[in-house]
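# Topology and contacts: notes
What follows is each chain in one-letter form.
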Amino acid sequence: MVLFVLCIKAELDGVESLSLLKDSNLCFSVRNPLSDYETREKIVFNPSETLEQDDGDREPPHHFAVRWEGQKKFSTLIVLDEEGAKSAFKKMKKKGGKKKGGGGEADVPRDMTADDSGEYVPVLAMECRGVEPFAFHPLGNEFKVTSSGGAVFEEDVDLSEGDWGDYDEENDEAVGVNEFESKIISV
């Protein structure tokens, strides 16, 4: 089992927090860690739904599965909830796992706040067996923005082009997420 963490970075303008919604579709590209040429581009899954399994399956419930060429078993990806992520990070620390990627990036996922503007922040942890996510592709509507004045924007927050903006009418201020970037690190 390898733990992968999706980290995001953006310049926040008039934004208190940027959150990944737990019940929206997410799009990733994945590869076979044992082969450079076997990839699946832009696979989509919902972290709040696990795949149906047969009664005899020995694999734990998972969000994505692929059987690579020549393999007998499925390779799986499981999105960890908050408790699962804390537990996984605790196990990694006990084993003496090294945090790759430097800084505080490889940490328990959380919301990005105004104080994090311009810094990579972990927002999603994934437990992977035989599959390696290597790119995140925003589809639109997977993020929630809370303005500095407390207004919540959940619909039409589309970061697929790298920027998003709107207007908080209640507090008479512009809100924006600019220069959005993401990376996936292994822990």
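Up top you'll find the structure we're talking about.
Here we summarise the structure given alongside this text. The structure presented is a predicted model; accordingly, all values stated were derived computationally and were not measured. (Residues numbered from 1 in each chain as written. Predicted model: local features only at pLDDT ≥ 70, side-chain atom pairs only at ≥ 80, totals over all residues. Heavy atoms only, no water.)

### Observations regarding the packing of aromatic side chains
Put simply, the rule reads: Stacked, tilted and edge-to-face are the three classes applied to pairs of Phe, Tyr and Trp rings, where Trp contributes its six-membered ring and a pair requires centres within 6.5 Å; stacked means planes under 30 degrees apart, edge-to-face means over 60, and tilted covers the rest. Put simply, DSSP marks the helices as runs of H or I at least four residues long and the strands as runs of E at least two long, and each gets a number from the N terminus on. When accessible area is computed with a 1.4 Å probe and restricted to protein chains, residues below 20% of their type maximum are described as buried, those above 50% as exposed, and intermediate ones as partly exposed. Our definition puts a charge over a ring when NZ of Lys or CZ of Arg is within 6 Å of the ring centre and also within 35 degrees of the ring normal.
Tallied over the entire structure, the rule returns five aromatic pairs. Note on Phe-28 and Phe-45: the rings are 5.7 Å apart at their centroids and 10 degrees apart in plane angle, and the pair reads as stacked. Of this pair, Phe-28 sits in strand E3 (residues 26-31) while Phe-45 sits in strand E4 (residues 39-45), and the two are 17 residues apart along the sequence. The class for Phe-28 is buried, based on a relative accessible area of 0%. The class of Phe-45 is buried, set by a relative accessible area of 5%. An angle of 85 degrees between the planes, with centres 6.4 Å apart, marks the rings of Phe-136 and Phe-143 as edge-to-face. Note on accessibility: Phe-136 and Phe-143 belong to one class, buried. Ring pairs connect the aromatic residues Phe-28, Phe-45, Phe-136, Phe-143 and Phe-180, which therefore count as one cluster. Here the basic side chain of Arg-67 rests over the ring of Phe-74, its NZ or CZ set 4.2 Å away from the ring centre.

### Things to note about the sheet that holds E4
Operational definition: In this analysis, strands are considered paired if DSSP registers two or more bridges between them. Fitting a line to C-alpha atoms yields each axis, with helices limited to the stretch in contact; the angle taken between N-to-C directions then spans 0 to 180 degrees.
Strand order in the open sheet made by the three strands is E4-E3-E9, with antiparallel pairing throughout. Both outer strands of the open sheet, E4 and strand E9 (132-136), are each paired with one neighbouring strand and no more. Mean inter-strand twist for the sheet, computed between neighbouring axes without regard to direction, equals 35 degrees. Relative to E9, E3 is paired through four bridges, and the arrangement is antiparallel. By the bridge assignment for E9, Phe-28 is matched with Phe-136.

Shape descriptors only; they carry no functional weight alone.
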